[in-house]
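# Fold and contact review
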Amino acid sequence: MKILVTGVNGLVGNSIIKILSKSEHEVFKSSRKIEGLADHKVDITSKDDLELFFAKFNPDVVINSAAMANVDLCETEKKSCDDVNINGVRNLVDVCLKYNCHLTHISTDYIFDGQKKSGIYLESDAPSPQGYYAKSKLEGERIITSSNLKYSILRTILVYGMHEKLNIVTYIKKSLEEGNIISLVDDQIRMPTYVDDLSAACVSASEKNAIGIFNVCGPEQMSYLEIGNRIADYFTLDKNLINHVKTKDLNQRALRPFKTGFDLEKSIKFLDYNPTSFNNSLDLMFNGN
Ligand SMILES: NC(=O)c1ccc[n+]([C@@H]2O[C@H](COP(=O)([O-])OP(=O)(O)OC[C@H]3O[C@@H](n4cnc5c(N)ncnc54)[C@H](OP(=O)(O)O)[C@@H]3O)[C@@H](O)[C@H]2O)c1
């Protein structure tokens, strides 16, 4: 298949390219500028970029990992957030419809308010987004699901892995190694997702031309504090550097759901999804086994 990947310099895009490099597919690596891994300029907010690319290469699938994913920044830069997470998605839908291309898109647990007692959401649960980022991502989903497009939407949760920008795991490990005090909440609970698992699921959904919404996350539910403790245990680092705090102490700009997690039955059944345990993902990230 000919696969266009957008946003390849991001955490998820980077990993998708890694997974696809082991496949037989013809892969086009793009971002809004030709830099890093990207050798095609495809800014998803530019209809011209998309039209030019599709007219020349006519891909079978687009995997869209481009987004404005900084949750707090979206609260203050609402126009940029709308441009990428809403208008960019609309542009992708239009061009994919015109060229009969499958769109594999990534969304978020933040479309839920986190008030469900179990914190385990089904694909069919009613969304209730809290912050601006969450609302923009839900709007992106709605544009896709209300179109006649062949699409898969993979919703995911707190993604981590090896990348030049820090994420929850690399931030905690680096901070503790450097002897820095960090604050981690015990009242926000997630099912953290190893990025290569998400990427494998995106590739699987694309290869199968899977249609619909799919939950994709890690197999264990834990608070940010527990993530910190697990990392400290794994690398024998000093847990005393971790301040136990509550969400209200952090003054985060965007509201976040308290407790999220996903029922994974659908993606296990239809995408052959096989999530890696948290400790095994640390083995893969830091010991390469
Ligand atoms: N990370 C998480 O914990 C998490 C959780 C749930 C869902 N998600 C979703 O997962 C997806 C990937 O997120 P991520 O964590 O990989 O984010 P990321 O690391 O910020 O990567 C996003 C990439 O998109 C690129 N981009 C931004 N605007 C663009 C545009 N107009 N055209 C083309 N590329 C553009 C960025 O380019 P620059 O490098 O130039 O900035 C960046 O490389 C997003 O849909 C996000 O909502 C992420």
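A quick note: this is a predicted structure, and the numbers were derived from the prediction, not measured. (Residues numbered from 1 in each chain as written. Predicted model: local features only at pLDDT ≥ 70, side-chain atom pairs only at ≥ 80, totals over all residues. Heavy atoms only, no water.)

### Considering the site of the ligand
For the record, the criterion: Working definition: residue near molecule or strand if any one of its non-hydrogen atoms lies within 4 Å of it. Any pair of nitrogen or oxygen atoms within 3.5 Å is treated as a polar contact; in protein, a donor-acceptor pairing is required on top of that, and neighbouring residues in sequence qualify only through side-chain atoms on both sides. Shrake-Rupley sampling with a 1.4 Å probe provides the accessible areas, and residues are treated as covered by the protein chains on show and by no other component.
In the vicinity of the ligand lie 25 residues, with Arg32, Asp43, Tyr133, Lys137 and Val159 positioned nearest. Between the ligand and tyrosine 133 there is a distance of 2.7 Å, counted from an oxygen atom to a side-chain nitrogen or oxygen. Contacts to the ligand include valine 159, whose backbone N or O atom sits 2.9 Å from an oxygen atom. Expressed as a share of its isolated accessible area of 900 Å², the protein-covered part of the ligand is 86%.

### Comments concerning helix α11 (residues 278–287)
Filter applied, for reference: Each residue gets one of three labels from its accessible area relative to the maximum for its type: buried under 20%, exposed over 50%, partly exposed in between, using a 1.4 Å probe on protein chains only. Only runs of H or I of at least four residues qualify as helices and only runs of E of at least two qualify as strands under DSSP, and these elements are numbered from the N terminus. The arc in question is the one traced by the directions running from the helix axis out to the C-beta atoms. Residue contacts are counted whenever heavy atoms from the two residues lie within 4.5 Å of one another.
Turning to α11, its buried residues are Phe278, Ser281, Leu282 and Met285. Taken down its axis, α11 places every buried residue within 105° of arc, on the same side. Looking at the buried side of α11, the elements it contacts are β7 (159–160), α6 (168–177), β10 (193–194), β12 (222–223) and α8 (224–235). Where α11 ends, the next residue or the one after it, glycine 288, has phi of about 60°, a positive value.

### So, the packing of α6 against α8
As a reminder, the rule being used: Only the contacting stretch of a helix is used when fitting its axis, a line to C-alpha atoms as for every element, and angles between N-to-C directions run 0 to 180 degrees. Roughly parallel refers to an angle under 35 degrees, roughly antiparallel to one over 145, roughly perpendicular to one between 65 and 115, and oblique to any angle outside these ranges. It is the rotation of the near helix from the far one that decides the hand of a crossing: anticlockwise by less than a right angle makes it left-handed, clockwise makes it right-handed. Each residue gets one label: Ala, Val, Leu, Ile, Met, Phe, Trp, Tyr, Cys and Pro are nonpolar, Asp, Glu, Lys and Arg are charged, and the others, such as Gly, are polar.
Taken N-terminus to C-terminus, the directions of α6 and α8 make an angle of 55°; their axes are 10 Å apart at the nearest point. With respect to α8, the axis of α6 lies oblique. Considering the relative orientation of α6 and α8, their crossing is right-handed. Across from Ile168, Val169, Ile172, Lys173 and Leu176 in α6, the residues of α8 making contact are Tyr224, Ile227, Gly228, Ile231, Ala232 and Phe235. Classifying every residue of the contact of α6 with α8 gives nine nonpolar, one polar and one charged.

### Overview of unusual backbone geometry
A positive phi angle is found at leucine 158, which is not glycine, with a value near 30°. Of note, leucine 158 is situated in the loop between β6 (151–156) and β7. Although it is not a glycine, asparagine 209 sits at a positive phi angle of roughly 50°. Along the chain, asparagine 209 falls in the loop between α7 (195–207) and β11 (212–215). Of the residues examined, asparagine 209 reaches a relative accessible area of 31% and is grouped as partly exposed.

### A closer look at the nonpolar core
Soluble, globular proteins show a tendency: their nonpolar side chains are buried together. Counted only if it meets this: Residues belong to one nonpolar core when they are buried, are Ala, Val, Leu, Ile, Met, Phe, Trp, Tyr or Cys, and are joined through side-chain atoms within 4.5 Å.
Residues Phe54, Val62, Leu103, Val169, Ile172 and Phe278 are the most contacted members of the largest nonpolar core, which totals 54 residues. The element that contributes the greatest number of residues to this core is helix α4 (residues 78–98), accounting for eight residues. Other than its neighbours up to four places away in sequence, valine 169 contacts Tyr160, Ile231, Phe278, Leu282, Met285 and Phe286. Among the nonpolar cores identified, the runner-up in size contains 34 residues, and Val8, Val159, Leu198 and Phe262 belong to it.

### A short note on the pattern of salt bridges
Applicable threshold: The term salt bridge refers to a side-chain nitrogen of Lys or Arg lying within 4 Å of a carboxyl oxygen of Asp or Glu.
Scanning all chains against the criterion turns up 17 salt bridges. Here aspartate 72 ties to arginine 256 by a salt bridge, and the two come within 3.0 Å at their closest N and O atoms. A residue pair is termed long-range when its members are at least 10 positions apart, and aspartate 72 in helix α3 (residues 71–76) and arginine 256 in the loop between α9 (247–250) and α10 (265–270) qualify at 184 residues. Between lysine 174 and glutamate 178 there is a salt bridge, with its nearest N and O atoms 3.2 Å apart. When its relative accessible area of 38% is taken as the criterion, lysine 174 is described as partly exposed. Residue class for glutamate 178 comes out partly exposed when judged on its relative accessible area of 48%. What you see here is one network of salt bridges that share partners, running through Glu220, Glu226 and Arg230.

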